[in-house]
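# Geometric and topological summary
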Amino acid sequence: MGLVWWRLEMAAPAELEESLLWKLPLLGVPRVALQHPPEAPERRQLLAWLPESDWPADQRQELERALAPLGVPFDLGLPPIHWQRQDDEDWSLSWKSHWRPDPVGERLLVLPAWLEVPPEQAARLVIRIDPGSAFGTGSHPTTRLCLEALEALAGHGPGLRGLRVADLGCGSGILGLAALRLGAATVAAADTDPLAERATRENAALNGLDGAPALNVTTGSAEALAALLGGRGADLLLCNILAPVIEALIPCFPRLLGPGGVGLLSGLLVDQAPGLERDLLAAGWRVEQRVEQDRWALLRIHSASDVA
Ligand SMILES: C[S@@+](CC[C@H](N)C(=O)[O-])C[C@H]1O[C@@H](n2cnc3c(N)ncnc32)[C@H](O)[C@@H]1O
């Protein structure tokens, strides 16, 4: 007799998708997946599998209460959760089979850890990620905006060759790993969540990019990252965190980004961009570009004093 499972199903609005993928494993639910009907990629649905014996009704209610605050930053309520009891399902096949190789931009491929590179994608630069380990599976628009902006930078002039990169709020480490794949020399990464530090190390190992000097990661915020950089600002700063957090971090940017450096800032909603641009300008930064995807935006910044 095999295990009996509760299968959780809920609509996954774009704003909440990555937070749910990140939060559920922290709450003891590692078996998660996203799916959508082939004809409607925007109608994403979150699935999770919980052993029935570990998740009686009161625990499941507690789980729903713990997820509810994820909507607060976006002024969203949590969509209703549906529970379905399932006998004897091979969950490992169920949840893993929902993850697919994910081409991003022209050159990158985000690949779930257990999959092989599809032959038709063989020319792409592969970033292997264990989904569910931390925020940053590549499916969220803010992560994609950063990956595409990195690729665009890599395609100009000397590209990322030899650059020192700082990744603030590294999550799964996906952005720093992409930067290394695209030619950066080193990445210093930090995240306030200790699980993100661990996920970044593990994902770096999956890609054969672990260990100094390629990648250094620590738990903490701007101070810890500045310490990792050893007092010399990076050439490229990656920062995909919510707008209010970025705003609070602006005074730290001069210690993270050296003269002539470029910053890619995402995690902001389109309607938050003008306010953040004003704050950046007031602090001496020039916004060179704003790119939008769905309701999300990315700003590319440069120190105003470096620009003619
Ligand atoms: C939106 S996720 C981005 C993850 C990954 N870089 C990506 O682009 O997919 C934001 C990450 O920033 C971290 N974070 C939030 N506030 C932070 C802060 N003040 N300093 C450093 N990291 C922070 C969170 O723990 C989370 O892992």
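Residues numbered from 1 in each chain as written. Predicted model: local features only at pLDDT ≥ 70, side-chain atom pairs only at ≥ 80, totals over all residues. Heavy atoms only, no water.

## A look at the sheet that holds strand 1 (residues 4-11)
For the record, the criterion: In this analysis, strands are considered paired if DSSP registers two or more bridges between them. Secondary structure is summarised from DSSP: a helix means a run of H or I of at least four residues, a strand means a run of E of at least two, and numbering begins at the N terminus for each. Convention adopted: a line fitted to C-alpha atoms gives each axis, helices being fitted over their contacting stretch, and angles between N-to-C directions are expressed from 0 to 180 degrees. Here a residue-residue contact requires only that any non-hydrogen atoms of the pair lie within 4.5 Å.
Spatially, 4 strands are ordered 2-3-1-4 in an open sheet, and the strand pairing comes out antiparallel. Each edge of the open sheet carries a strand with a single partner, namely strand 2 (32-35) and strand 4 (82-87). Between one strand axis and the next, the sheet turns by 25 degrees as a mean value, whatever way the strands run. Of the strand pairs in this sheet, strand 1 and strand 3 (residues 45-51) are connected by 7 bridges, and their pairing is antiparallel. Its bridge partner lying in strand 3, methionine 10 is registered against leucine 46. Strands strand 1, strand 2 and strand 3 of the sheet are contacted by helix 1 (residues 14-26), whose axis makes an angle of about 160 degrees with strand 2. Where helix 2 (residues 57-67) meets the sheet, it contacts strand 1, strand 3 and strand 4, and its direction lies at approximately 135 degrees from that of strand 4.

## So, the domain arrangement of the protein chain
Where interface size is given, it is often the accessible area lost as the parts come together that is meant. Filter applied, for reference: Throughout, the edges of the domains are those of an automatic or database domain assignment. Note on terms: buried area is the combined drop in 1.4 Å-probe accessible area of two parts once they are placed together, counting the loss on both. Criterion for a salt bridge: a side-chain nitrogen of Lys or Arg within 4 Å of a carboxyl oxygen of Asp or Glu. Counted as a polar contact is a pair of N or O atoms within 3.5 Å, where, for protein atoms, one must be capable of donating a hydrogen and the other of accepting one, and residues adjacent in sequence contribute only when both atoms are in side chains. In the scheme used here, Gly and all other residues not listed as nonpolar or charged are polar, with Ala, Val, Leu, Ile, Met, Phe, Trp, Tyr, Cys and Pro taken as nonpolar and Asp, Glu, Lys and Arg as charged.
Domains assigned within the protein chain are domain 1 (4-96) and domain 2 (136-306). Each of domain 1 and domain 2 was reduced to a C-alpha centroid, and the two centroids are 29 Å apart. A buried area of about 840 Å², summed over both sides, lies between domain 1 and domain 2, and 55% of it is on carbon and sulfur atoms. Considering only the surface of domain 1 that becomes buried against domain 2, Glu15, Glu18 and Phe74 emerge as the three largest contributors, covering 54% of it. Here domain 1 is connected to domain 2 by 1 salt bridge. The salt bridge partner of glutamate 15 is arginine 295, with a shortest N-O separation of 1.7 Å. Counting across the domain 1 and domain 2 interface gives 2 residue pairs in polar contact (both at pLDDT 80 or more). With 7 residues, the top contributor of residues to the side of domain 1 that touches domain 2 is helix 1. Tallied by class, the residues present in the side of domain 1 that touches domain 2 amount to 7 nonpolar, no polar and 4 charged.

## Describing the site of the ligand
As a reminder of what qualifies: Whether a residue is near a molecule or strand is decided by its heavy atoms; if any one of them lies within 4 Å of it, the residue is near.
Near the ligand there are 17 residues, and of these Thr143, Gly169, Asp191, Ser221 and Asn240 occur at the shortest range. In the model, an oxygen atom of the ligand is placed 2.7 Å from a nitrogen or oxygen of the threonine 143 side chain. Here serine 221 contributes a side-chain N or O atom positioned 2.7 Å from a nitrogen atom of the ligand. Looking at side-chain class alone, the shell around the ligand contains 7 nonpolar, 8 polar and 2 charged residues.

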